[in-house]
Amino acid sequence: MTKLILPVFIAMQWLNAAWAADIAPPKNEVPAKPNIIFILTDDQGYGDLSAHGHPLLKTPNFDRMHNESVRFDNFYVSPSCSPTRAALLTGMHEFRSGVTHTREPRERLHKDVVTLPELLKKSGYRTALIGKWHLGGNTEKGYRASDRGFELYSNVYRNLFDGLVNHNEKLVRKVPGKFREDIYFDEAMRYIEECGNKPYFCEIATISPHTPLGAPEEFIAPFRGKVSEEEATYLGMVANLDYNIGRLLDFLAKRNLDKNTIIVLMNDNGQTCGLDVYNAGMRGCKTTAWQGGSRAFSFWRWPGHWTPHQVDNLTAHLDFLPTICEITGTPVSKGLRSQLEGFSLVPLLEAKGPLSWHDDRMVFIHTGRWPSGMAAAHKYAKASVLQGHFMLVRNRACDEPTCSGELRGECDGLRAVEKGSHVGTYTKNNAQFHWGATPPGRWALYDLKKDIACRHDLAQKRPERVKAMAAAYDKWWDDLYPVMIKRGGDDELMEIKNKRAEESAKNRWFMGLLPCLPKKN
């Protein structure tokens, strides 16, 4: 009798479960693959959040991301915007993609390069970029975000408070009066809802706090009278970003999407307009080779999967693509894998404590931005090498006398600092520190763990380390250089080409007048 009852009982239990599932399906079904939201802020410094000690900013939502994430605290990007974006989306140093500047055509991502959203689409992901692209002309076919793997490219044109929302370069709505970044996050939340149960990769690339400066008054007011008007507005833009990150976190929580949504929060280069307010003790700013030019915050949040902790291993933007591909189960061909210069961060994300991980790796940084045609002369101008907590650096002008600001070069400013100037880009009186030139003809070496301000050059005390890191840099540059040149990394800047054409037209016009001018007796 028992043998008969048991199978019947099991069958009834199975039918009850099936019946219950049929009339009450589980709520908030989520895809097997995690959703990815990547927030990249523009020109915000590592120190621009209260969790990193900022004396004026109160950033509860940045801090929440800090506290609830795996925090890569020894993380580096490129010293300026377009290069960082290129490295993030390709897993290769930006110079290999031909991206050496933030101006056309040297900000164009070469057409032969495979991007992360292209890979994710093949893996079943929807892909969207909301905000700043800056890796090719928005309207030039082949270089637009919508040509490089993003199914949706949503941007806001016109003024900070008079938004024209475009989807793939077509106007879809007008949002008068609303602040640009508020619209970006509105667009992101609308997109997330539209994706439903299909996994998505959504990049929110803000323009704040990049110039031109501006934000709703309620965000600027708390800083007025404490710093300059420019600095108050800059800090107000960061405060507005914090508000919008909070809106997004609340949106996900209310829809029970947190557990299957990874949020990565990062800044794209070093400090800018807030440099004289706070820089977390670091030396340098955007477009310098010092640590402050490229150290970034990098927070990776996945509730229930990763235990929040701090990682001190040397990591970089190069690691973003291989990490996302591993997390999402996205295949990477053998040929592409051989080109990647980054490593998957998954072992560090899943670690419960300190972990030995690519301890000998070196990260190579170069500010680029040389005048077109002068790449070779700038091999040692504003470059650095990172290994562990050591930094080998040459923050100097090039030795080419024709390199000037008129050609969109940046060596003039360094020459002025070397001659004693205290004024520099982003600083009114601290250029000797943040833009300070290293000794001529050699590298300087600093232990960033013991000397975050880079006051004590160890090159004479650690010659073997200097020799090894310098040799690695030479090999890296020599291997990379031909590819960079081939892919347009030294091409003439469009604005210089246009200026030459304009001057040539004026000269032709003047020469045409000469026969008509009255002759002297």
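As the structure is a computational prediction, the values presented were derived from the model and not from experiment.

Cut-offs applied
- Residues numbered from 1 in each chain as written.
- Predicted model: local features only at pLDDT ≥ 70, side-chain atom pairs only at ≥ 80, totals over all residues.
- Heavy atoms only, no water.
- Pairing = 2+ DSSP bridges.
- Helix = DSSP H or I, 4+ residues; strand = E, 2+ residues; numbered from the N terminus.
- Axes fitted to C-alpha atoms, helices over the stretch in contact; angles between N-to-C directions.
- Contact = heavy atoms within 4.5 Å.
- Phe/Tyr/Trp six-rings, centres within 6.5 Å; stacked < 30°, edge-to-face > 60°.
- Lys NZ or Arg CZ within 6 Å of the ring centre and 35° of its normal.
- Buried < 20%, exposed > 50% of the residue type's maximum accessible area, 1.4 Å probe, protein only.
- Core = buried A, V, L, I, M, F, W, Y, C linked by side-chain atoms within 4.5 Å.
- Salt bridge = Lys/Arg side-chain N within 4 Å of Asp/Glu carboxyl O.
- Parallel < 35°, antiparallel > 145°, perpendicular 65-115°, else oblique.
- Left-handed = near helix turned anticlockwise from the far one by under 90°.
- Nonpolar A, V, L, I, M, F, W, Y, C, P; charged D, E, K, R; others polar.
- Arc of directions from axis to C-beta.

Peer 1: How would you sum up the pairing of strand 5 (residues 152–159)? Please name residues and give values.
Peer 2: Relative to strand 5, strand 4 (residues 126–131) is paired through three bridges, and the arrangement is parallel. Among the inter-strand pairings, Ile130 is bridged to a residue of strand 5, identified as Ser154. In this sheet, strand 6 (residues 162–167) lies alongside strand 5 in antiparallel orientation, the contact comprising six bridges. Bridging across to strand 6, Val156 finds its partner in Val165. Between strand 5 and the antiparallel strand that follows it, strand 6, lie two residues.

Peer 1: How would you explain the environment of Arg394 if you had to name every residue and give the values?
Peer 2: Relative to the helices and strands, Arg394 is located in strand 16 (residues 390–394). Between the C-alpha atom of Arg394 and that of Lys286, which follows or precedes it by 108 residues, the distance is 15 Å.

Peer 1: Help me get a handle on the sheet that holds strand 2 (residues 70–72), residues and values and all.
Peer 2: The 10 strands are arranged 7-6-5-4-8-1-9-11-2-12 in an open sheet whose pairing can be described as mixed. The sheet terminates laterally at strand 7 (170–176) and strand 12 (309–311), the two strands that pair on one side only. Each strand of the sheet is rotated relative to its neighbour by a mean of 15°, with strand direction disregarded. Running over the sheet, helix 2 (residues 60–67) touches strand 2, strand 9 (261–267) and strand 11 (298–301) and is turned about 70° from strand 11. Strand contacts of helix 3 (residues 81–90): strand 1 (35–41), strand 8 (200–205) and strand 9, with the helix running at about 165° to strand 1, the strand carrying the most contacts.

Peer 1: A description of the packing of aromatic side chains should follow, citing residues and the corresponding values.
Peer 2: The way to describe two aromatic rings as a pair is by their centre distance and the angle between their planes. Taken as a whole, this structure holds 23 aromatic pairs when the rule is applied. Three or more aromatic residues link up through ring pairs in this structure, and these residues are Phe95, Phe364, Trp370, Tyr380, Trp443, Tyr473, Trp476, Trp477 and Tyr481. The ring centre of Tyr380 lies 4.4 Å from the NZ or CZ of Arg394, which sits over that ring. When the ring centre of Phe390 is taken as reference, the NZ or CZ atom of Arg465 above it lies at 4.1 Å.

Peer 1: Tell me what's going on with the sheet that holds strand 3 (residues 75–76), and back it up with residues and numbers.
Peer 2: What the three strands build is an open sheet, ordered 10-3-13; its pairing is mixed. Across the chains shown, the open sheet's two edge strands, defined by having one partner strand only, are strand 10 (295–296) and strand 13 (315–316). With two bridges connecting them, strand 3 and strand 10 associate as antiparallel partners. If you follow Phe75 over to strand 10, its bridge partner there is Ala296.

Peer 1: Which residues make up helix 2, and what are the values?
Peer 2: One turn of an α-helix holds 3.6 residues; hence residues three or four places apart share an orientation. For helix 2, the set of buried residues is Asn61, Phe62, Asp63, Met65 and His66. Close packing links the buried residues of helix 2 with strand 2, helix 7 (229–254), strand 9 and strand 11.

Peer 1: Any details on the nonpolar core? Residues and values, ideally.
Peer 2: Ile37, Ile39 and Leu248 are the most contacted members of the largest nonpolar core, which totals 54 residues. Ranked by residue count, the leading element in this core is helix 7, at 12 residues. The contact partners of Ile39, leaving out residues within four places of it in the chain, are Phe185, Ile204, Ile245, Leu248, Ile263, Val264, Leu265 and Met266. Among the nonpolar cores identified, the runner-up in size contains 45 residues, and Leu116, Leu119, Cys325 and Trp357 belong to it.

Peer 1: Account for the pattern of salt bridges, with residues named and values stated.
Peer 2: In this structure the tally under the stated criterion is 32 salt bridges. Residue Asp186 pairs with Lys178 through a salt bridge whose shortest N-O separation is 2.4 Å. Within the structure, one salt-bridge network assembled from shared partners comprises Asp42, Arg85, Lys132 and Asp268.

Peer 1: Describe the pairing of strand 14 (residues 363–366), and please don't skip the residues or the numbers.
Peer 2: Neither face of strand 14 is exposed, since Val363 and Ile365 on one face and Phe364 and His366 on the opposite face are all buried. Pairing between strand 14 and strand 15 (residues 383–387): four bridges, direction antiparallel. Residue pairing across strands places His366 opposite Ala383, the latter belonging to strand 15.

Peer 1: Please give an account of the packing of helix 2 against helix 7 that cites residues and values.
Peer 2: Direction vectors running N to C along helix 2 and helix 7 enclose 60°, while the axes themselves pass 7 Å from each other. Compared by their axis directions, helix 2 and helix 7 come out oblique. Contacts between helix 2 and helix 7 pair Pro60, Asn61, Phe62, Arg64 and Met65 from the former with Val238, Leu241, Asp242, Tyr243, Ile245, Gly246, Leu249 and Asp250 from the latter.

Peer 1: Mind laying out the packing of helix 5 (residues 180–195) against helix 7, listing which residues take part and the relevant values?
Peer 2: Interhelical geometry of helix 5 versus helix 7 gives an angle of 15° and a closest axis separation of 10 Å. By the angle between their axes, helix 5 is roughly parallel relative to helix 7. Seen along the crossing, helix 5 lies across helix 7 with a hand that is right-handed. Only Met237, Asn240, Leu241, Tyr243, Asn244, Ile245, Arg247, Leu248 and Phe251 of helix 7 make contact with helix 5, whose side of the interface consists of Arg180, Glu181, Asp182, Phe185, Asp186, Met189, Ile192 and Glu193. Its residues placed into classes, the contact of helix 5 with helix 7 shows nine nonpolar, two polar and six charged.

Peer 1: Help me get a handle on the side chain of His101, residues and values and all.
Peer 2: Following the sequence through the fold, His101 ends up in the loop between helix 3 and helix 4 (116–122). By relative accessible area, which is 1% here, His101 ends up buried. If we ignore the near neighbours within four places in the chain, the residues touching His101 are Ser82, Pro83, Arg106, Glu107, Arg369, Trp370, Arg408 and Leu493.

Peer 1: Mind laying out helix 11 (residues 411–418), listing which residues take part and the relevant values?
Peer 2: Listing the buried residues of helix 11 in full gives Cys411, Leu414 and Val417. Burial along helix 11 is one-sided: seen end-on, the buried residues are contained in an arc of 115°. For helix 11, the elements touching its buried residues are helix 12 (431–434). The first or second residue beyond helix 11 is Gly420, which carries a positive phi of 115°.

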